[in-house]
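The residues making up each chain are set out below.
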Amino acid sequence: MSDPQRQITARVSFGGKQLEAPAIDLGLPGKMVLWGITYRLVNQFRDVLESGEERPLPYELPL
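Residues numbered from 1 in each chain as written. Predicted model: local features only at pLDDT ≥ 70, side-chain atom pairs only at ≥ 80, totals over all residues. Heavy atoms only, no water.

A. Representation of helix H1 (residues 36-51) within the structure. In a regular helix each residue adds 1.5 Å, so 16 residues correspond to 22 Å; H1 covers 23 Å between its end C-alpha atoms and thus fits that length. Taken as a whole, H1 has its buried residues at Tyr39, Asn43, Gln44 and Val48. Each element contacted by the buried residues of H1 is listed here: strand E1 (7-14), strand E2 (17-24) and strand E3 (34-35). Looking one or two residues beyond H1, the residue adopting positive phi is Gly52, at roughly 75°. (Helix = DSSP H or I, 4+ residues; strand = E, 2+ residues; numbered from the N terminus. Expected span 1.5 Å × (residues − 1). Buried < 20%, exposed > 50% of the residue type's maximum accessible area, 1.4 Å probe, protein only. Contact = heavy atoms within 4.5 Å.)

B. Structural view of the sheet that holds E1. Strand order across the open sheet formed by 3 strands is E1-E2-E3, with antiparallel pairing between neighbours. With partners counted over all chains shown, the strands left at the sheet margins are E1 and E3, one partner each. Two elements, E1 and E2, share 8 bridges in a ladder whose sense is antiparallel. Bridge assignment links Thr9 to a residue of E2, and that residue is Pro22. (Pairing = 2+ DSSP bridges.)

C. Quick peek at the side chain of Asn43. Along the polypeptide, Asn43 turns up in helix H1. Only 2.9 Å separates the side chain of Asn43 from the side chain of Arg46, close enough to count as a polar contact. Leave out the neighbours within four places in its chain, and Asn43 touches Gln7 and Ile24. (Polar contact = N/O pair within 3.5 Å; in protein donor to acceptor, adjacent residues only side chain to side chain.)

D. How the structure looks around the pattern of salt bridges. If you walk through the whole model with that rule in mind, you get 1 salt bridge. For Glu50, the salt bridge goes to Arg46, with nearest N and O atoms at 3.7 Å. Residue Glu50 and its partner Arg46 are both found in helix H1; the two are separated by 4 residues, about one turn of the helix. (Salt bridge = Lys/Arg side-chain N within 4 Å of Asp/Glu carboxyl O.)

E. Region of interest: the confidence of the model for the chain. Looking at the chain, the pLDDT average stands at 87 and 94% of residues meet or exceed 70. Mean pLDDT across the elements of the chain bottoms out in H1 (89) and peaks in E2 (94). (pLDDT = per-residue confidence, 0-100.)

F. Quick peek at the pairing of E2. By the bridge criterion, 2 bridges tie E2 to E3 in an arrangement that is antiparallel. If you follow Ile24 over to E3, its bridge partner there is Leu34.

Right, dumping it as structure tokens:
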């Protein structure tokens with residue numbers, strides 16, 4: 001998921017509307033991409049892991 005080539009802008013449907021949103025291509029042909037709040041949470045979690053910083057649990061991510 002951290003591969004820059006998987007970071008895309010995807011056309012998605014939400015609430016009956018079409019929009020473009022940052023997304024992660026999961027490499028599953030014909031399947032949906034990861035976008036929206038799930039995209040945001042995965043990126044925040046990846047940032048925490050990649051920082052190498054030790055944090056006490058539970059840890060709150062800033063909104």
